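A look at the structure
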Amino acid sequence: MAADRAYLDFNASAPLTADARAAVADALSMPANPSSVHSEGRAARRLIEEARREVAALVAAKPEHVFLTSGATEAATTLLSPDWQMGRGALRMARLYVSAADHPCILGGGRFAPDQVEVIGVDRQGVVDLGALRTALGHHERSAGLPLVAIHAANNETGVIQPVAEVSKVVREAGGVLVLDAVQAAGRIPLDITRTCGDYLIVSSHKIGGPKGAGAIVAAADLMMPKPLITGGGQEKGHRAGTENLAAIAGFGAAAREAREGLGRMGEVRALRDEIEAFLAASDPGIEIFGSGAERLPNTTFFSIPGLKAETVQIAFDLAGVALSAGSACSSGKVGASHVLKAMGRGDQAGALRLSIGLSTTREEIALFKSALDGILARRSGRERAA
Ligand code: PLP
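Residues numbered from 1 in each chain as written. Predicted model: local features only at pLDDT ≥ 70, side-chain atom pairs only at ≥ 80, totals over all residues. Heavy atoms only, no water.

**What to know about the overall build of the chain**
As a reminder, the rule being used: By definition, any uninterrupted DSSP run of H or I lasting at least four residues is a helix, any uninterrupted run of E lasting at least two residues is a strand, and each is numbered from the N terminus. Computation of the radius of gyration draws on C-alpha atoms, with the globule rule given as 2.2 Å multiplied by the number of residues to the power 0.38. Only protein chains enter the calculation, and the probe is 1.4 Å; a residue is then buried if its accessible area is under 20% of its type maximum, exposed if over 50%, and partly exposed in between.
Along the chain, the regular secondary structure elements total twelve helices and 15 strands. Relative to a compact globule of 387 residues, whose C-alpha radius of gyration would be 21 Å, the chain shows 22 Å and is just as compact. Summarising its shape, the C-alpha atoms of the chain cover approximately 75 × 55 × 35 Å along the three principal directions. Here the chain, with 387 residues, has 54% of them falling under the buried criterion.

**Digging into the site of the ligand**
Note the following rule: Neighbouring residues are identified by heavy atoms, a residue being near a molecule or strand if any of them is within 4 Å of it. Polar contacts, as counted here, are pairs of nitrogen or oxygen atoms within 3.5 Å of one another; within protein the pair requires one atom able to donate a hydrogen and one able to accept it, and residues that are adjacent in sequence qualify only if both atoms are side-chain atoms. Throughout, the Shrake-Rupley method with a 1.4 Å probe supplies accessible areas, and for residues the shown protein chains are the sole cover considered. Charged means Asp, Glu, Lys or Arg here, nonpolar means Ala, Val, Leu, Ile, Met, Phe, Trp, Tyr, Cys or Pro, and polar covers whatever is left, Gly included.
Near the ligand, the surroundings consist of Gly-71, Ala-72, Thr-73, His-103, Cys-105, Asn-156, Asp-181, Val-183, Gln-184, Ser-204, His-206 and Lys-207. One of the side-chain nitrogen or oxygen atoms of Ser-204 is found 2.7 Å away from an oxygen atom of the ligand. With respect to the ligand, the side chain of His-206 contributes an N or O atom lying 2.8 Å from an oxygen atom. For the ligand, whose unbound accessible area comes to 400 Å², protein coverage reaches 90%. Tallied by class, the residues present in the shell around the ligand amount to three nonpolar, seven polar and two charged.

**Some details on the sheet that holds strand β12 (residues 300–304)**
Under the convention used in this document: Strands were regarded as paired on the criterion that DSSP finds at least two bridges between them. Contact definition: two residues touch when any of their heavy atoms are within 4.5 Å. Angles run from 0 to 180 degrees between N-to-C directions of axes, and those axes are lines fitted to C-alpha atoms, restricted for helices to the stretch in contact.
Read from one edge of the open sheet, four strands run β11-β12-β15-β14, paired in antiparallel fashion. The open sheet has two free edges, formed respectively by β11 (288–289) and β14 (325–326), since each of these has just one partner strand. By the bridge criterion, four bridges tie β12 to strand β15 (residues 353–356) in an arrangement that is antiparallel. By the bridge assignment, Phe-302 is partnered in β15 with Arg-354. Contacts from helix α9 (residues 266–283) reach β11, β12 and β15 within the one sheet, and its direction differs from that of β12 by about 15°.

**Topic: the side chain of Gln-116**
With respect to the helices and strands, Gln-116 occurs in the loop between α4 (104–107) and β5 (117–120). Discounting chain neighbours no more than four positions away, the residues touching Gln-116 are Pro-82, Arg-92, Ala-94, Arg-95 and Leu-96.

**Topic: the pairing of strand β3 (residues 83–86)**
Judged from the four bridges that link them, β3 and strand β4 (residues 89–99) form a sheet pairing that is antiparallel. Residue Met-86 lies in a different strand from β4, and its bridge partner there is Gly-89. Hairpin remark: β3 followed by β4, antiparallel, with two residues in the connecting loop; positive phi at Gly-87, about 60°. Bridge count between β3 and strand β10 (residues 224–226): three bridges; the pairing is antiparallel. Its bridge partner being in β10, Gln-85 is matched across the sheet by Met-225.

**Observations concerning the packing of helix α2 (residues 39–58) against helix α8 (residues 246–262)**
To characterise two packed helices, one gives the angle between the axes of the helices and the distance between these axes. This is how the line gets drawn: Each crossing gets its hand from how the near helix is turned against the far one by less than a right angle, where anticlockwise is left-handed and clockwise is right-handed.
Packing of α2 against α8 leaves a shortest axis separation of 8 Å and a crossing angle of 35°. For the element pair α2 and α8, the recorded crossing hand is left-handed. Contact residues: α2 offers Ala-44, Leu-47, Ile-48, Ala-51, Glu-54, Val-55, Ala-57 and Leu-58, while α8 offers Leu-246, Ile-249, Ala-250, Phe-252, Gly-253, Ala-256, Arg-257, Ala-259 and Arg-260. Taken together, the residues of the contact of α2 with α8 break down into 13 nonpolar, one polar and three charged.

**Thoughts on the environment of Leu-28**
Tracing the backbone through its elements, the reader meets Leu-28 in helix α1 (residues 18–28). Placed 219 residues apart in sequence, Leu-28 and Ala-247 show a C-alpha to C-alpha distance of 5.6 Å.

**Let's talk about the environment of Ala-220**
Mapped onto the elements of the fold, Ala-220 is located in the loop between β9 (215–219) and β10. Between the C-alpha atoms of Ala-220 and Phe-369, which are 149 residues apart in sequence, the distance is 41 Å.

**Looking at the packing of aromatic side chains**
Put simply, the rule reads: A pair of aromatic rings is counted whenever rings of Phe, Tyr or Trp (Trp by its six-membered ring) have centres within 6.5 Å, and the orientation is called stacked for planes under 30 degrees apart, edge-to-face for over 60 and tilted otherwise.
One pass over the structure, following the stated rule, counts four aromatic pairs. Measuring from ring centre to ring centre gives 6.0 Å for Tyr-7 and Phe-10, while their planes differ by 40°; the resulting arrangement is tilted. Under the relative-accessibility criterion, Phe-10 is labelled buried at 6%.

**Some thoughts on the domain arrangement of the chain**
The figure often quoted for interface size is the accessible area lost as the parts come together. The condition that has to hold: Either an automatic procedure or a domain database provided the assignment from which the domain bounds are taken. For any pair of parts, buried area is found by adding up, for both, the accessible area (1.4 Å probe) each one loses once the two are put together. Every case where a carboxyl oxygen of Asp or Glu lies within 4 Å of a side-chain nitrogen of Lys or Arg is listed as a salt bridge.
On domain assignment, one finds that the chain holds domain 1 (6–15 + 265–386) and domain 2 (19–262). One C-alpha centre belongs to domain 1, the other to domain 2, and the line joining them spans 28 Å. Contacts between the two partners involve 32 residues from domain 1 and, on the opposite side, 31 residues from domain 2. Buried area between domain 1 and domain 2, both sides added, is near 2400 Å², and the carbon and sulfur share of it is 53%. Along the contact surface separating domain 1 from domain 2 lie zero salt bridges. Looking at the side of domain 1 that touches domain 2, the elements that each hand over two or more residues are β12 and α11 (339–343). The greatest single-element share of the side of domain 1 that touches domain 2, amounting to three residues, is contributed by α11.

**Structural notes on the side chain of Asn-299**
Secondary-structure assignment places Asn-299 in the loop between β11 and β12. Given a relative accessible area of 0%, Asn-299 falls into the buried group. At 3.0 Å, the side chain of Asn-299 forms a polar contact with the side chain of Asn-11. Look past the residues within four positions of Asn-299 in its chain and what remains in contact with it is Phe-10, Asn-11, Arg-188, Val-269, Arg-273, Leu-355, Ser-356 and Ile-357.

**Here's the deal with helix α3 (residues 72–79)**
Judged by how many residues are buried, α3 sits mostly within the fold: six of eight residues are covered. Along α3, the positions that sit buried rather than exposed are Ala-72, Glu-74, Ala-75, Ala-76, Thr-78 and Leu-79.

The structure is reproduced here in structure tokens:
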């Protein structure tokens, strides 16, 4: 059956999976506070601990090293702090190093003052400049505190995967601490916190088919943690106060389990994405796919169509039934110039379109995308002939 809408914007938010929806519904009917000691409270607590185990399993971490938050932005703001604790002792991070293609929740520097944040460039494929990172860390003034490095494992716009093992080596040699924003990588490529070597990973529920409003900090060890962002009751071992969002967390856990189980099928997603890219190339050889010279997530393609502004094309796709993004449209629906393209030295581009899919994407949806593209290109040709 032909699809009348195709939702191809998984990197902005992946559709809620059936299991996550069921877990949310079950949790919503539970009356108790997970901190209460009665049977109802303990039942709610069990849901949270089950979700924690699933989030941990997704990145091969220990459940006791998972700290649940309201999302990745909160997790980033918590971790990007100059003030840390190691046991009872205080620990200072003197400076934060981020990459120019990071998500705004990392680029913003969290709780660091703007002059304590140093931005490391990326190359034309969007891969972080390891030499520049090494040089910057070489100049780090250690007497003031440790260097904290935060970088995305995979880019939300291009899907470009960063060389995290090399980044980790550079950070380790400099005696620094590494935060990996694994929001887009989780569930799309295998992640093992002990092997990817980040000291902390950030994950988000709604990018992997869970509900919006849940996320986590995952630590590789329990040596040290940042000063909490939210204080109050002692939830999450005092690292994140506030009564837990039980329904969102339960859905996050279900989605994390499905994402882990679905990892072995990401080849199917890659095949669909590659088919889309072959169609783009055959439709107009001038279509450029950004970051295609680097290793990329299997589900993302970020492209521009010559002679057409990305925002205009996005609207044309929407009218034809296809939802995709022009750049990363994750901030209040506004479409600005992509800072990722700028960082890649491609600020000359009139924007780009991001198509991102998942295991639930159907061939019918891809067929709708193809026919919408045909229509857009035919209208462009018509205009060019008339001009
Ligand atoms: N990091 C990356 C790479 C993202 O793509 C996003 C969302 O677009 C975030 C962080 C923020 O996630 P959340 O919506 O859970 O705050």
